[in-house]
Amino acid sequence: MMKSLFAAHVGWLSLFALTCCCGVALAEAPRPNIILCMADDQGWGDTAYNGHPLLKTPHLDAMAAGGLRFDHFYAAAPVCTPTRASVMTGRHPNRCGAFSWGHPMRPQEITLAERLKAAGYATGHFGKWHLGSVLKGSPVNPTAAGFDHWLSAYNFYDNDPLLSREGTAVELQGESSILTANAAIEFIKDQNAKGQPFLAVVWFGSPHNPHRAAPQDRQLYAGQKHADWLGEITGLDRAVGKLQAALREEKIVDDTLFWYTSDNGGLQPASTGGRNKKGSIYEGGLRVPAIIQWPSRIKTPRVTQAVANTSDIYPTLLDILKIDTPSQPPLDGVSLLPVIDGQTDQRGEPMGFWKFTARGIRTPSDAWMRDLLKAQQAGKDYHDDSRLVLDAAEIKQQYEADHFVGHSAWNDWPWKLHRITEPSKNQSAKDSKVTIELYNLQADPMETDNVANKYPQRVAAMREQLEAWQNSVLNSLNGEDY
C-alpha cells in the first residue's frame, strides 16, 4: 500500500557529500535553518486566529497572517508520544510500537535528526521528549535519536522544572515555555555564530495538565473559569515570540523554516475544531493548529485547505534538502513541498489513523528527575535500568495479519471512514464486532451524520484501503522493516 516517496536523484552538483550508515547524501541546494515547535495538548481552536473568544496569541496570529496556515492539519495520533514518533520518522507510530503515551520509539527507527545530522546540520532538542529516556546510556534518549545538544524532560513539565541536560539533571527557575525557548535560542545563536545550519526541535510542555500559568499570563484571564489553561497557551505564545525575536536579531528569520503545530487535539471540546477531544480518533482528537513560516520561500501569506499531518514533516524536510534515502523503510507521510510552493492544495494520498488498544506507560518526569538529582548530589551513579529502557529494541510480540484492534480511520478527503472494534474477553481481533462509520467532513465537520448505509461501494473501497494499510503497519510492527 505504501510507496516510496523519494526516487534516486541524479545529475546533482554537490557542495559536499556526507554519508553515514543510513546512506544519506546532500545535494547542492539552499539549506534553511529549521525550527520545529510543538505544543502539548493545544487543540485546533485554541488560538485567537482560529476564533477563540478569549485567548490572546498575538505571535501565533502574526505567524498565521504572514506564513502558510493549514486549516486541515492533523496529529498522527490522538495522544502525545505517538505523534512525536511520527515527526521523528515520517511513519505511523504503530509501526515502531509507540502505541500510546510513554511507549518508547524503537532505536531501529531512522530519525529526522539522524538524517539532518548526516547532512551537516547541528541538531538540538529542547523540552518534552517522551520517546524513551533522558538518562545517559539509554538507547532511546535524544542522543541515540541523533541530537547533538539537548535539554529535555521525560514527559510534560511545569514551571521551575528539573530538566536533563544531556543526561545531567539541572534545576531551572521560570515559566516553562520561556525556559525552553531560552535554551533553544542559546543553541541557535551558537550555531549561527559558526555559520552552521541547524535543526532545533522545541517541544513545549504546555498547555498540558496541571495548569499553572505564570502570573502575568493568568492575569489576562482574571475571573475566567480556565484562567491557568488560557494563560499557559499565552505563555507558549510568548515563547514563540521570543524565538521569532531571536531570529530577527540574528538576521536569519528569512532563511529559517519555522513549523508550529500541536501533538494532539485539545482538552476543551468546544474549541477542538471537531467531534470529541484529546484521545479520540474523531476530528476533535486529531485536528491541530499548524503554521509554516519561511519568508525566503513563502513570500505570499495564504491559508491552505490541503489535508496534512505530522507524519508529513519528515518527508517534506528531506525533500526540501534533497536528501536521498535509499534505505528508507515505508513512510506514511508525504512531501508537502508542492503545497509550500503554492503548486497545489491537494494532498494526493489518503491518511490512516489507528488508536491501538494499548495502555499508556507512566513517566512522571519531575519525580524521576528528582531521583537523578538526588543521586548526583550524593555523588552516586544513578542505577534504575528500567528508566534506561535498555530493551527498547526488542520485538517481543508478533502480530497476525488482520489484527485490527482498536479504533482506526481512513481520511480520503472529504470522506472519512471509521473502523471500530469492540472485542469481548473471549474473542480474537478477527472475531470482534466491527462498527463502520462514514462521514463527509466537508459537509459534516462534526461527524454527526453517519452516511455509511448510503454509500456501500465507497465504504467497501475505503475499508479495503484502510485494512491493506493496517496490514502494512503490522508488518513494520513485527520488525520486517529492520
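Details of the structure are given in the entry above.
Remember, predicted model here, so these are calculated numbers, not experimental data. (Residues numbered from 1 in each chain as written. Predicted model: local features only at pLDDT ≥ 70, side-chain atom pairs only at ≥ 80, totals over all residues. Heavy atoms only, no water.)

Once that is clear, we can look at the packing of helix α1 (residues 58-66) against helix α6 (residues 227-249). Where α1 contacts α6, the two axes come as close as 7 Å, and the packing angle between them is 55°. By the criterion of interaxial angle, the relationship of α1 to α6 is oblique. The residues of α6 that touch α1, namely those facing Pro-58, His-59, Leu-60 and Met-63, are Leu-236, Asp-237, Arg-238, Val-240, Gly-241 and Gln-244. (Axes fitted to C-alpha atoms, helices over the stretch in contact; angles between N-to-C directions. Helix = DSSP H or I, 4+ residues; strand = E, 2+ residues; numbered from the N terminus. Parallel < 35°, antiparallel > 145°, perpendicular 65-115°, else oblique. Contact = heavy atoms within 4.5 Å.)

Moving on, we get to the sheet that holds strand β8 (residues 198-203). What the 10 strands build is an open sheet, ordered β7-β6-β5-β4-β8-β2-β9-β10-β3-β11; its pairing is mixed. In the strand order of this sheet, the two ends are held by β7 (168-171) and β11 (302-309), each with one partner. Each adjacent strand pair in this sheet contributes to an overall mean axis angle of 20°, direction not counted. Direction of pairing for strand β4 (residues 122-128) relative to β8: parallel, over a ladder of 6 bridges. Bridged to Thr-123 within β8 is Leu-199. (Pairing = 2+ DSSP bridges.)

Take the state of the cysteines next. Across all of its chains, the model carries 0 disulfides by this definition. Its sulfur unpaired, Cys-80 is 14 Å from the next cysteine sulfur, which belongs to Cys-96. (Disulfide = S-S within 2.5 Å.)

This paragraph deals with the nonpolar core. Formed by 59 residues in total, the largest nonpolar core has its most connected members in Ile-34, Leu-36, Phe-70, Leu-116, Phe-147 and Leu-199. Residues within four places of Phe-147 in sequence aside, it is in contact with Met-88, Ala-113, Thr-123, Gly-124, His-125, Trp-129, Pro-142, Leu-199 and Val-201. Cys-37, Phe-198, Val-202 and Leu-247 belong to the second largest nonpolar core, which has 38 residues in total. (Core = buried A, V, L, I, M, F, W, Y, C linked by side-chain atoms within 4.5 Å. Buried < 20%, exposed > 50% of the residue type's maximum accessible area, 1.4 Å probe, protein only.)

With that settled, the discussion passes to the sheet that holds strand β16 (residues 433-440). Sheet architecture is open: 4 strands sit in the order β13-β14-β15-β16, paired in antiparallel fashion. In this open sheet, the two strands that pair with only one neighbour each are β13 (351-355) and β16. Direction aside, neighbouring strands of the sheet carry axes that sit 15° apart on average. As paired elements, strand β15 (residues 415-422) and β16 share 8 bridges and run antiparallel to each other. Paired with Arg-419 across the strands is Ile-436, a residue of β16. Here helix α12 (residues 456-477) sits on the sheet in contact with β13, β14 (407-412), β15 and β16, set at roughly 65° to β15.

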